[in-house]
Amino acid sequence: MSKVLSAQHIIKNYGKKQVLHDVNIDIEPGVIYGLIGRNGAGKTTLLSILTAQNTWNEGSVTYGGAPVWENETALADICFSRELSPTMMFGENTYKVRDYLKAAATYYPHWDSAYADRLVQRFGLETKKKISKLSKGMMSMVTIILAMASRAPITILDEPVAGLDVVAREDFYKLLLEDYTETHRTFIISTHIIEEAANVFEKVIIMKDGAIAEVAETESFVASFSFVSGREEDVADVCARLGASKVLRTEHFGRQTGVALRVSPSTAQQAAEGLSVDISPVNLQKAFVYMVGEKEDISC
Amino acid sequence: MTGNFSDGTSIYLQIAEMLENDILRGVLEEEGQAPSTNELARAYSINPATATKGINLLVDEGILYKRRGIGMFVSKGGRQRIMQKRKEAFFETYVKRLVREAKALGITQKELAAMLTKAGGEQGGNNE
């Protein structure tokens, strides 16, 4: 339960295109990680490499110090529940849900079939249906059930909530925390629906352009951003006092200027001493957008 | 405990505040058991580490204490401690802001005092 999954200096090329550039990360046991990044940032590629489901060109991936490639212990301990699709490499995905879960039971040694059955009931999933006949939401449920029932010490979910409605999404977070408070296993969850999951993640991994931009505790990460708005001159003074490197984005609306800053709201407050500006904290989604979005000025 | 989280304040601070509110309102009684980290995590869909941070804050302030192997409990005198703490914060967080806003609106000190007296009368607060 206490092994670290570690990627060191991973480089991955697809043809001539390098999609991961020198990625380094340690996945610590017992933490729920949120993996966020824009489309094409390399999230799924990294996850498939961490779980030895994809090759890489340079670097190493180890689990408890041993290479993951063709390592049975690692493969038994790590579950990567990928997004399902109605088609497979050679045509329609004609597996029935029941058979898909049965196959998983033989693949994952920690498989908990009673738990899988409970989840099937909870989601109201029809196990006789073929995967190709499932709705997007039901496919998400199958990937979630597979991940949860695998009981793998490291469980990885790639976009688990993408197809789910808001009620099912909330149910998933609840389910996840119910399981986590019992097992304290490691989860890595990639998602584009950031804000509602922010409170679930102990740490966030931010990917940008095939590299890891930051790994941090969610709370302290969010607290290291602020938004300052007010008269253009006053806001410019605040920015000058803090230094241009702290300014992530500038927005203009009429005579008002707003800047996103990579400093805590209290640091911004100190820099704004004697100036009439409004300072507000930001949420995880905004922090992410400021960090990976365009830096240029935006006028509205 | 009820309610949703708001943006802006750290979730662990909001957890601590919700627990304090429940103690003030008597939902949680002194020497009574407080929710555990896991219960809070499940009830609010938050990471248990965040819930722990909120609880530890109240433990450091002597408002909650841990009984080994049983769980978290509300300290004797915990309610009084919260009241004292909030009174001290009242000037910094409410009064100063009130005065700043009054100034920005051109409300004189005399007018402000009259408003406070009026509001106090409507609320039926302590007037001694």
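Residues numbered from 1 in each chain as written. Chains lettered and ligands numbered in written order. Predicted model: local features only at pLDDT ≥ 70, side-chain atom pairs only at ≥ 80, totals over all residues.

1. Notes on the overall build of chain B
Part 1 of the argument: Each helix and strand in chain B was counted, giving five helices and two strands.
Part 2 of the argument: Ordered by position in the sequence, the α and β elements of chain B form the string α-α-α-β-β-α-α.
Part 3 of the argument: A compact globule built from 128 residues should have a C-alpha radius of gyration of about 14 Å, whereas chain B, at 18 Å, is more than 25% larger.
Part 4 of the argument: Seen along its three principal axes, the alpha-carbon backbone of chain B occupies a region of about 55 × 35 × 25 Å.
Part 5 of the argument: Counting the 128 residues in chain B, one finds 24% classified as buried. (Helix = DSSP H or I, 4+ residues; strand = E, 2+ residues; numbered from the N terminus. Rg over C-alpha atoms; globule rule 2.2 N^0.38 Å. Buried ≥ 20, exposed ≤ 12 C-beta atoms within 10 Å, placed from the backbone.)

2. Remarks on the overall build of chain A
Part 1 of the argument: Regarding its fold elements, chain A presents ten helices and 17 strands.
Part 2 of the argument: Its C-alpha atoms give chain A principal-axis dimensions of roughly 65 × 40 × 40 Å.
Part 3 of the argument: Per-residue burial over chain A gives 38% buried out of 300 residues.
Part 4 of the argument: Considering only intrachain contacts with a sequence separation of at least 6, the fraction spanning at least 24 residues in chain A is 71%. (Contact = placed C-beta atoms within 7 Å.)

3. A closer look at the confidence of the model for chain B
Residue and element names in this part refer to chain B.
Part 1 of the argument: The predicted model of chain B has a mean per-residue pLDDT of 89, with 91% of residues at 70 or higher.
Part 2 of the argument: Taken element by element, the predicted model of chain B shows its lowest mean pLDDT in helix α5 (residues 109-123) (89) and its highest in helix α3 (residues 48-60) (95).
Part 3 of the argument: With a pTM of 0.87, the predicted complex shows an ipTM of 0.79. (pLDDT = per-residue confidence, 0-100.)

4. Details of the interface of chain B and chain A
Part 1 of the argument: Taken together, the contacts link 13 residues of chain B with 15 residues of chain A.
Part 2 of the argument: Broken down by secondary-structure element, the contributors of at least two residues to the side of chain B that touches chain A are α2 (37-44) and α3 of chain B.
Part 3 of the argument: Broken down by class, the residue content of the side of chain B that touches chain A amounts to five nonpolar, six polar and two charged. (Nonpolar A, V, L, I, M, F, W, Y, C, P; charged D, E, K, R; others polar.)

5. Some remarks on the domain arrangement of chain A
Residue and element names in this part refer to chain A.
Part 1 of the argument: Here chain A is partitioned into domain 1 (5-221) and domain 2 (224-299).
Part 2 of the argument: Distance from the C-alpha centre of domain 1 to the C-alpha centre of domain 2: 35 Å.
Part 3 of the argument: Taken together, the eleven residues of domain 1 in the interface contact eight residues of domain 2.
Part 4 of the argument: Breaking the side of domain 1 that touches domain 2 down by element, the ones donating at least two residues are β11 (203-208) and α7 (218-222).
Part 5 of the argument: It is α7 that contributes the most residues to the side of domain 1 that touches domain 2, three residues altogether. (Domains from an automatic or database assignment.)

6. With respect to unusual backbone geometry
Trans is the prevailing form of peptide bonds, just as negative phi is the prevailing case for residues other than glycine.
All names here are of chain A.
Part 1 of the argument: Positive phi outside glycine occurs at Arg151, with the angle close to 50°.
Part 2 of the argument: With respect to the helices and strands, Arg151 occurs in the loop between α5 (136-149) and β9 (154-158).
Part 3 of the argument: On the basis of neighbour count, Arg151 is assigned to the partly exposed category, with 18 C-beta atoms found within 10 Å.
Part 4 of the argument: Located in the positive-phi region is Glu159, a residue other than glycine, with phi close to 50°.
Part 5 of the argument: Relative to the helices and strands, Glu159 resides in the loop between β9 and α6 (166-183).

7. Let's talk about the domain arrangement of chain B
How big an interface is tends to be expressed through the accessible area that disappears when the partners come together.
Part 1 of the argument: One can read the domain layout of chain B as domain 1 (11-76) and domain 2 (79-123).
Part 2 of the argument: When each unit is reduced to the centre of its C-alpha atoms, the spacing between domain 1 of chain B and domain 2 of chain B is 29 Å.

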